[in-house]
Amino acid sequence: MFKRALALWKEERSRKGTTLHRRLLLFFMLVSISLILTFALLLSLFGITGKEAKAVKSHIDTELSIMTGKINEDFGRLSLGGIAIAEDLAERSEDFFDEHELSADKLQADPELIEPLLSEYMNTLIATVNNRYCGGAFVMLDATITDNSETAKAGVFIKKTQPTATDAVGVQLHYLRGPAQIARDNGIMLLGQWKMEFDITDQDFFTEVMDTAREHADLAMSRLYYWSGRVVLKGNSEAGFLLCVPLRTSEGEVFGLCGVEVSDRMFKSLYTPEGGSFESIFTVMAPTCEGGLCTSKGLVAGNTYLTGTRWDFDLANEENRDGFHHYSGGKELYAGKTSSLHLYPNGSPYEEQEWSCSILMPKDILHEAVKGSTSYFTYTVIVLLIISVLASAIISRQYLRPVNQAFDQIKNNAYADNDGNEIYSEISDLFDFLSQKDREHDIALQQKQQQMDELQGEHQKAQTEISRLAYSRKSEVDPDNYRIFLTNLKSLTPTEQLVFEHYLDGKNAKEIMAILNIKETTLKYHNRNIYDKLGVASRKELLRYAALMRQEQEG
Amino acid sequence: MKKAISLLLTCLLLLGSLSGCGNDTPLNAKEPVTLTMWHNYGGDMQQAMDYLIDQFNSTLGKEQGIVIDVTAISSSSELNKSLAMIVNGDPGAPDMPDIFTGYPKLAIQFWEKGLLADLDNYFTADELSAYVDAFVDEGRLSDSGLYVFPIAKSTEVLYVNQTLFDRFAAETGASADMLSTFEGIAELSKMYYEWSGGKQFYAADSWFNFAEVGMAQLGDSIFEGEALSLDGDNFAHIFETVYTPAVEGGIAIYDGYSSDLSKTGDLVCSTGSSAGILFYGDTITYTDGTVENVEYSILPYPVFENGTKAAIQRGGGLMVAKSDEQKEYAAGVFIKWLTASEQNMSFVANTGYLPVTKEAFENDLGTHMDTVEDPRIRKMLTSVLSMYEDYSFFTAPTYASFDSDSDAYEDDFKDLLTDMRTEYLAGNEISAADALNEFRN
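It should be emphasised that the depicted structure is a prediction, and the values quoted were computed from it without experimental measurement. (Residues numbered from 1 in each chain as written. Chains lettered and ligands numbered in written order. Predicted model: local features only at pLDDT ≥ 70, side-chain atom pairs only at ≥ 80, totals over all residues.)

### Comments concerning the nonpolar core
Part 1: Ranked by size, the top nonpolar core spans 122 residues in total, and within it B:Val268 and B:Phe334 carry the most contacts.
Part 2: Residue assignment places this core across two domains, with domain 1 (33-153 + 315-367) and domain 2 (155-313 + 402-440) of chain B each supplying three or more.
Part 3: Once residues within four sequence positions are removed from consideration, B:Val268 is found in contact with B:Val160, B:Asn161, B:Leu164, B:Phe165, B:Phe168, B:Tyr192, B:Phe201 and B:Tyr202.
Part 4: Counting 89 residues, the second largest nonpolar core, distinct from the first, contains A:Ala90, A:Val139, A:Leu243 and A:Phe255. (Core = buried A, V, L, I, M, F, W, Y, C linked by C-beta atoms within 7 Å. Buried ≥ 20, exposed ≤ 12 C-beta atoms within 10 Å, placed from the backbone. Domains from an automatic or database assignment. Contact = placed C-beta atoms within 7 Å.)

Dropping the structure here:
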C-alpha cells in the first residue's frame, strides 16, 4: 500500500510538479544547514573545537616532564646523600672496630658491642633526618643480639612523621627500630610499632643488597646503592621506598646497609601533580614489568579519589591509542603518559631494573576531558540544525502566505475586488494585469457576441429565403416523383449516400472528387446511379427535392 | 504553525539548558575544593584515619567536590607547636591548614585573632543534638560560638603489665587492690623498687593531670581564676604521695610517654590516656633483646584515699580555619560525615578513642563491643564503660595561658624531682616539705 501511495505521489508530482513551498523550504534548509556545517568545519579546522584534547595532552606531557625531572633529581640527590651517609657510617664503624680490636665479620660473635656501635651512628642519622626531605633514616647490621641470625637484624630506624619539614620547630623524631636506651639517651620517643630489631622475613632487599655488594667488591659505593620497591617493614604501618647503601670497610668487608626512606606520605607531599581542571590525576612511580607498571611495588600520589593509599595490584599495558598509554588493573582502566626514570648510573649492577614515572587518570575521566566540549559542541550543532529546519519551515510558509492567498483569490475570482490594499506590489500588479485582461476579454467577447448576432441575423434571413424558395419550388414539384425520391433514398449505396450528402452540403463535383478521392468517371457513374434511383434528371432537380425534404424535416 | 513555533521554542530552551543547571551549594563536583588537614592520629591510628579519609574522598567528597588532603600527622604536642607558630605569626611558620585537630585551649588563641570559623553556621540544632551535649559544649568559647567540633574523646586509665605484677605479687604478697589508690601505688612502688633491684613501678604520662585530677578527687581545685594555686593541704598531700618513691626509687620521672618504659619492661604500671592503648603491645623487649609475651590490664583511674571517683575527660576536636564560604561549607560537610555514628564507631574501634555521638556513646558502644576486633581496645572500652557508670568527669578549664601554665608545672615538677633524686643518690636527702616549699616558690 505504501508503494502504491508512493507511486501515486510520484505520478501526481510528475504531472503537476513540486510546490513552491517545498522548493522554498529546501532552499532555506540548504542555506542554513550549509552555513552551520561550514561554521562547524571552520571551528574544527582552526582548532577552536577539539582544543581540549590538545590541552589534556599538553597538561599531561608537562606534568610528566616536570615530575620525571623532579623525581630523577630528588632521587639522585638522595642517592648521593645515602652514599655520603654510608661512607660516614663505615668510617665510624672502622674506628669502632679498631678501638675494640674487632673485624666487621666478627661483630656477631660479640653481640654486646652492637648497641654501642649503633649508638655511634645516631648523630649521623639524626642529622640526616633533620636536614633532608625523607621519611626516615636507618641502618641495619648483619648481626643480632638474639639467636635468630637468619631473620633478625640489629639496627636503628628513625622516622620523621613530617617528612618534608626540615629543622622546623615542633618536628619530633620517632624511633621505629633500635635499642630503647639509645632512643632515651637522644630524647627520641618510641613509636607504638617499635621493635628492638628488624625482622627481614619475606623481605629480600637486605640480602639482595648485601650479596650484590659482596659480588661486586670492585665497584665503588656510587654503583652499589639500591632502591627497593615499596616496602612495609614488619610490624610497621607505613610503606615506602628504601634507599639501601651497603656498609663496607676499607678492606671490602660488607657488614650492613644504611639509607633513607621515601615514605608514602613524603611521596604524596612532593609528587602530587598539578590537577588544574583535571580531577583524578595522579603520579605513579613504580618498577616496570612486562611492559606494564608494577604498581604493587610502587607509590602513588594525587587523585585522592582513589580508595586506599596503596595498590596491591599491577597495571598491565593495554593498547596505546589517541596518543595516550592505556593500562588496566584492579578492575579499572587508566590512561595517561609514562616515561622512564634514571635511578642508577652506568655500571651499576641494578641498572637493568627499569623504573617509570606515569601521570595517569581513570580512563573514562581522561576521555571525558579529551572530548571536553566536543560533545557539547556536537549537541549544540544538532540542536541548531533542528532549529534551522523548523525555522526554514516556518519562514518559508510565512513567506509564501501572501502568494498562496493571491492564488486563492485568483481561483475564487476575488481579485477583481482588489482595491489596491495588497502589501506586495507584484501581487497587486498581477491582479491589475488580470483585471485588465478580463476587461479586454469582456470587450472582445462583446464584439464576438455582436458578430455572432449579426451572423445569426443573416443566417435567419437565408433560412427565410430558403423556406420561401422551397415553398415556391414545392409548387413546381411533381408529388409522385417526390414520393419516389423519398422512398428510394434508402436504396442508395453507402458511397452513393455519401456523394448525395456532399451535394446537399453544396459541394461541387471537383470538391467531391477531391474529398472521396475518386475520378470523374467514377463520380459520373455514381451520379447516374443516384439520378436513376431517385428518379431525377439532373442535379438541379436533385437539389430541389433535397431542399424540399429538408424544409419538411425542419417543419 | 503554532506547533512549529512551540517546537522551535522548545529547542531554544534545550540549547539554553546546555549552560548547566543551578547549584544550591557553593560546591561544584567538577571543580573540587581541596582542604588541607593536620591531625594527631598517627602510628597505629594512622591507618584508621587514612582509611576514613580515603573513603570520604572517593564517595561523598567526590560527589560534592571536596578533597581532604592530609599534610601533617604528628602528636598533639608537635602539632600544637607548629600551630602556635602560625597563630603567633612566627617567621618560618607553615601555612595554616584548613582543618586541624586540637584542644579548646588552642582554639582560644586562634579565635582571639579571628582565625576560626564558627561551626554553628554549618550545623543545625537538630544535627548538633545527635552529639553528646557535654562534648559539644566543650567546644564553645566565650561568645557561645562552636569552634571545636568533637571527634573523639578519651579519659585516663591505669595500664598494668599484669604479667610483671603477678610475678611481683606472688613473691611479695602485694595486693592488686592497692592499685585502686595512689597511696597504694606509692607503697607498691617502694616495694617493687626493692624487690626488682632498682626498677621503677609507676609513672604518669602527665604530672599536671595527676595533680589537677587529684585535687578534683579531694574536692579542691588546682586553679584559682586563670592561674594555678598550689596552696593548701590537698596539694601538699598529692605532692608528698609521689615525692618519696620518685626520689628514693619506684616512681619514674620520664620525659616521654610511659608506654616507652613499659615496652622495655622498665615499668609495671602507668596512668595515661585511654587512647594510648595502641602503644601497648603484647610483648616487651628487654635490653638484652629478650622478648617476653605479656598481658596488660586496663584498670579504672586510681583515686586518692578519701577522695571521690573523678577522672579527666578530654579529646581533641576539629577546628576549621576561617576562609571563604566554599571551604568552610566543605569542611562542615566533611566533619558531619566523619563524626556521623557509623564513621565515628569505625574510628573508635580502630583507635581506642571514645565516640562522640549519643547514638554510639550511649547505645552502640556496649552493643558493638564484640565487633571491635582489637582485643586491647575491647579491654580498654570495657574498663572505660565501667568508669562512666561510677566516676564523675570533668574537663580542664580553657583560658589563654592554660598551656603555658600546665607546661611550666610539668617541667618544673620533673626538674625538681630529678634534682631531688640526684641529691638523694648523692646522699643529700631533702624532705618532702622542703621540696614542696621550693616547688611552690
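### What about the environment of A:Phe407?
Part 1: For A:Phe407, the position within the fold is in helix H9 (residues 373-411).
Part 2: The exposure class assigned to A:Phe407 is partly exposed, which follows from the 13 C-beta atoms found within 10 Å. (Helix = DSSP H or I, 4+ residues; strand = E, 2+ residues; numbered from the N terminus.)

### Points about the domain arrangement of chain A
Residue and element names in this part refer to chain A.
Part 1: Taken domain by domain, chain A consists of domain 1 (22-50 + 374-408), domain 2 (68-255), domain 3 (268-371) and domain 4 (477-554).
Part 2: Computed from C-alpha coordinates alone, the two centres of domain 2 and domain 3 are separated by 29 Å.
Part 3: Every contact between the two is made by 20 residues of domain 2 and, on the other side, 20 residues of domain 3.
Part 4: No other element matches helix H3 (residues 51-99), which puts 6 residues into the side of domain 2 that touches domain 3.

### Observations concerning the pairing of strand E10 (residues 282-289) of chain A
Residues and elements named next belong to chain A.
Part 1: Most of E10 is tucked away: 7 of the 8 residues are buried.
Part 2: Two elements, E10 and strand E12 (residues 299-302), share 4 bridges in a ladder whose sense is antiparallel. In the strand pairing of E12, Val284 is matched with Val300.
Part 3: Two strands pair when backbone bridges link them, and E10 and strand E16 (residues 355-362) are joined in this way by 6 bridges, in the antiparallel orientation. The partner of Phe282 across the bridge, within E16, is Leu360.
Part 4: One ladder, built from 2 bridges, connects E10 with strand E11 (residues 292-293); its direction is antiparallel. Bridge pairing links Thr288 to Leu293 in E11.
Part 5: In textbook terms, the turn of a hairpin is the stretch between consecutive antiparallel strands, and for E10 and E11 this stretch comprises 2 residues, one of which, Glu290, has a positive phi near 50 degrees. (Pairing = 2+ DSSP bridges.)

### Observations concerning the sheet that holds strand E2 (residues 66-73) of chain B
All names here are of chain B.
Part 1: Read across the open sheet, the 5 strands follow the order E2-E1-E3-E12-E4; overall the sheet is mixed. Two strands close off the open sheet at either side, each with one partner strand: E2 and strand E4 (149-150).
Part 2: Where E4 lies against strand E12 (residues 317-320), 2 bridges are found, and the strand directions are antiparallel. Each bridged residue has a counterpart across the sheet, and for Pro150 the counterpart in E12 is Gly317.
Part 3: Helix-sheet contacts for helix H13 (residues 325-339) involve strand E1 (33-39), E2, strand E3 (99-102), E4 and E12, and the interaxial angle to E1 is about 55 degrees. (Axes fitted to C-alpha atoms, helices over the stretch in contact; angles between N-to-C directions.)

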